[in-house]
Amino acid sequence: MSEHSPGHRVRIGLLGCGTVGQAFIAMLHEHGPTIARASGHELEIGRVLVRSIETPRAGVRPEQLTTNPDDVFGDSELDLIVEVMGGIDPTADYLRRALASGIPVVSANKQLLSRQAPELLALAQDADTQVRFEASVCGAIPVIKVLRESLLAAEISAVTGIVNGTTNYILTEMSRTGMSYEDALATAQALGYAEADPSEDVGGADAAAKMAILASIAFHTNVRFDDVPYEGIDRLSAEDIELAGDLGYTIKLLGVAKLTDGGVSVRVHPALIPHEHRLAAVSGPDNAVLLESVAVRQIMLVGPGAGGTETASAVLADVLSILGTPNRGFLQNALTDAGRPLRDPDLTSSAFYVRLRVSDRPGVLAQIASVFAEAEISIGSVIQQGEGDAARLVLVTHETQERRMNTAISAIRDVTDVRGEPVVVRVLTKENA
Ligand code: NAP
Ligand code: HSE
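These numbers come from a predicted model, not from an experiment.

**Examining the overall build of the protein chain**
Phase 1: When helices and strands are counted, the protein chain shows 13 helices and 16 strands.
Phase 2: Computed over its C-alpha atoms, the radius of gyration of the protein chain comes to 24 Å, within 12% of the 22 Å expected for a compact globule of 433 residues.
Phase 3: Overall, the C-alpha framework of the protein chain stretches about 80 × 45 × 35 Å when taken along its three principal axes.
Phase 4: Look at the contacts in the protein chain between residues 6 or more apart in sequence, and 73% of them connect residues 24 or more apart.

So, in structure tokens, the structure goes:
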């Protein structure tokens, strides 16, 4: 894109016009004069790519809508592409097409960026243009800009975050109002927080994609979606949320990225967080990212993690950043230059909450205790409650390696008095927080 003089019109080709796309258009209409005054640019929407042109979209004339990407890319006045359609195919082709012809791109697509960011950044670099993706992580929170620019030289050592709004909303509502999992998910979908396929949210893939992006930037190392082991909240029950509360914890879906011994480890899983921990207070669709480094100690960014307007705000910020830093801007190479090794997730450590249903017979507790002892796992507390001919056992262990816990859980599954599948959730302690 050529440099824009103040007052220059900037024509945006929009790929996708759903929750985020429509909120972006509404924002341009509502705040156009302010944007023009502050930035010197008048932003206008050109062609808009959708799947169905039959559905009317507020603020979009019918002749702007198209199902043919050639109409978007063939616009002779096209300055910039905003991609809010999601998915990997054919979206990746569209972004490559824009970048290869020197058109800058703003994308909210974490699944695509977490798989192809290095290639897209290299393409942008070669074509002397930019790809920005603030909206792909944590909605309205400017965490990518902070990591890439403000904290570039801060040597971040850990990024711990609640990075999915849908699951945080579900867990909050289940614990606050006793709402069922199904109702809370349906409400999160109705409010526009969830992905088109909500199993991405509840199964942990959305958070894993975001943690791959954050870890890549924080540690200057290429971490891809496939490098991030993840678990979702879909195996948790209201019973676990209540028990955790009784034990002094709140359950959150947590992303944990760390530099250990010069290597990078990244994972996503539910975790019991002590009530007094700063992340425990982050509720509803809000997200939070705790950034740690020797230089800056701790910085926590908190704010809306999902929703149309919230995400559109980050998209607009990226558009303005591109206009403020013409051509390739700066930092295009900064994402992955350190090339740190990825650590084996099985060697990371945690404390664990383990809930079991067992036959209420003498000796069962001793059997379970001996399995943990054999795996060299020390138990911090045990609660046993009778339920007819069965009993509920809840154990909280001291910190131990993942591989030891995996060994213990395999052995526990083979104990004949254990009924059903053990529920295992990591616990954030002072040591691993
Ligand atoms: P959405 O409501 O499902 O909208 C997707 C839009 O893209 C729709 O207009 C759809 O067209 C269009 N589209 C999808 N596939 C297409 C294809 N193959 N060809 C042409 N058009 C296509 O999704 P959204 O919630 O706005 O999310 C969009 C992106 O933003 C996703 O990458 C998502 O992960 C990301 N994001 C969303 C949020 C949020 O809170 N919603 C927050 C951060 C990031 P039709 O309307 O005709 O179906
Ligand atoms: N579905 C995502 C979430 C949208 O709930 O966090 C924001 O990326």
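**Examining the site of ligand 2**
Phase 1: Lys110, Asn164, Gly165, Thr166, Tyr193, Ala194, Glu195, Asp201, Asp206, Lys210, Gly305 and Ala306 make up every residue found near ligand 2.
Phase 2: Here tyrosine 193 contributes a backbone N or O atom positioned 2.7 Å from a nitrogen atom of ligand 2.
Phase 3: Coverage of ligand 2 by the protein chains reaches 94% of its 260 Å² of free accessible surface.
Phase 4: Of all the secondary-structure elements, those providing two or more residues to the shell around ligand 2 are helix H6 (165–177) and helix H9 (205–219).
Phase 5: Here the shell around ligand 2 is composed, by residue class, of three nonpolar, four polar and five charged.

**Quick notes on the site of ligand 1**
Phase 1: Around ligand 1 lies a shell of 24 residues, among which Cys17, Ser52, Arg57, Glu195 and Gly307 are the nearest.
Phase 2: Arginine 51 has a polar backbone atom sitting 2.9 Å from an oxygen atom of ligand 1.
Phase 3: Looking at which domains feed residues into the shell around ligand 1, each of domain 1 (8–140 + 310–333) and domain 2 (143–304) gives three or more.

**Examining the pairing of strand S8 (residues 249–260)**
Phase 1: The element S8 is largely enclosed, with a buried count of nine among its twelve residues.
Phase 2: Pairing of strand S7 (residues 156–162) with S8, which is carried by four bridges, proceeds in the antiparallel orientation. Following the sheet pairing, glycine 161 is matched in S8 by glycine 255.
Phase 3: With twelve bridges connecting them, S8 and strand S9 (residues 263–274) associate as antiparallel partners. Bridging from a neighbouring strand, threonine 260 pairs with glycine 263 of S9.
Phase 4: What sits between S8 and S9 in their antiparallel hairpin is a turn of two residues, with aspartate 261 showing a positive phi close to 50°.

**Thoughts on the sheet that holds strand S5 (residues 105–107)**
Across a sheet, strands are paired by hydrogen bonds formed along the backbone, either parallel or antiparallel in direction.
Phase 1: Judged by pairing direction, the sheet is parallel, and its six strands sit side by side in the order S3-S2-S1-S4-S5-S6 without closing on themselves. Strands at the two margins of the open sheet, each flanked by one partner only, are strand S3 (65–66) and strand S6 (131–132).
Phase 2: One ladder, built from four bridges, connects strand S1 (residues 8–15) with strand S4 (residues 80–83); its direction is parallel. Bridged to leucine 14 within S4 is valine 82.
Phase 3: Contacting S1, strand S2 (41–49) and S4, helix H1 (residues 19–39) runs over the sheet at an angle of about 160° to S2.

**Focus on the packing of helix H3 (residues 91–100) against helix H4 (residues 110–126)**
Phase 1: Here H3 crosses H4 at 15°, and the two axes come no closer than 10 Å. The angle between the axes of H3 and H4 places the two elements in the roughly parallel class. Where H3 crosses over H4, the handedness of that crossing is right-handed. Packed against H3, whose contacting residues are Thr91, Ala92, Leu95, Arg96, Leu99 and Ala100, the element H4 presents Leu112, Gln116, Leu120, Leu123 and Ala124 at the interface.

Procedures and definitions
- Residues numbered from 1 in each chain as written.
- Chains lettered and ligands numbered in written order.
- Predicted model: local features only at pLDDT ≥ 70, side-chain atom pairs only at ≥ 80, totals over all residues.
- Heavy atoms only, no water.
- Helix = DSSP H or I, 4+ residues; strand = E, 2+ residues; numbered from the N terminus.
- Rg over C-alpha atoms; globule rule 2.2 N^0.38 Å.
- Contact = heavy atoms within 4.5 Å.
- Near = heavy atom within 4 Å.
- Polar contact = N/O pair within 3.5 Å; in protein donor to acceptor, adjacent residues only side chain to side chain.
- Areas by Shrake-Rupley, 256 points an atom, 1.4 Å probe, with all protein chains shown as cover.
- Nonpolar A, V, L, I, M, F, W, Y, C, P; charged D, E, K, R; others polar.
- Domains from an automatic or database assignment.
- Buried < 20%, exposed > 50% of the residue type's maximum accessible area, 1.4 Å probe, protein only.
- Pairing = 2+ DSSP bridges.
- Axes fitted to C-alpha atoms, helices over the stretch in contact; angles between N-to-C directions.
- Parallel < 35°, antiparallel > 145°, perpendicular 65-115°, else oblique.
- Left-handed = near helix turned anticlockwise from the far one by under 90°.

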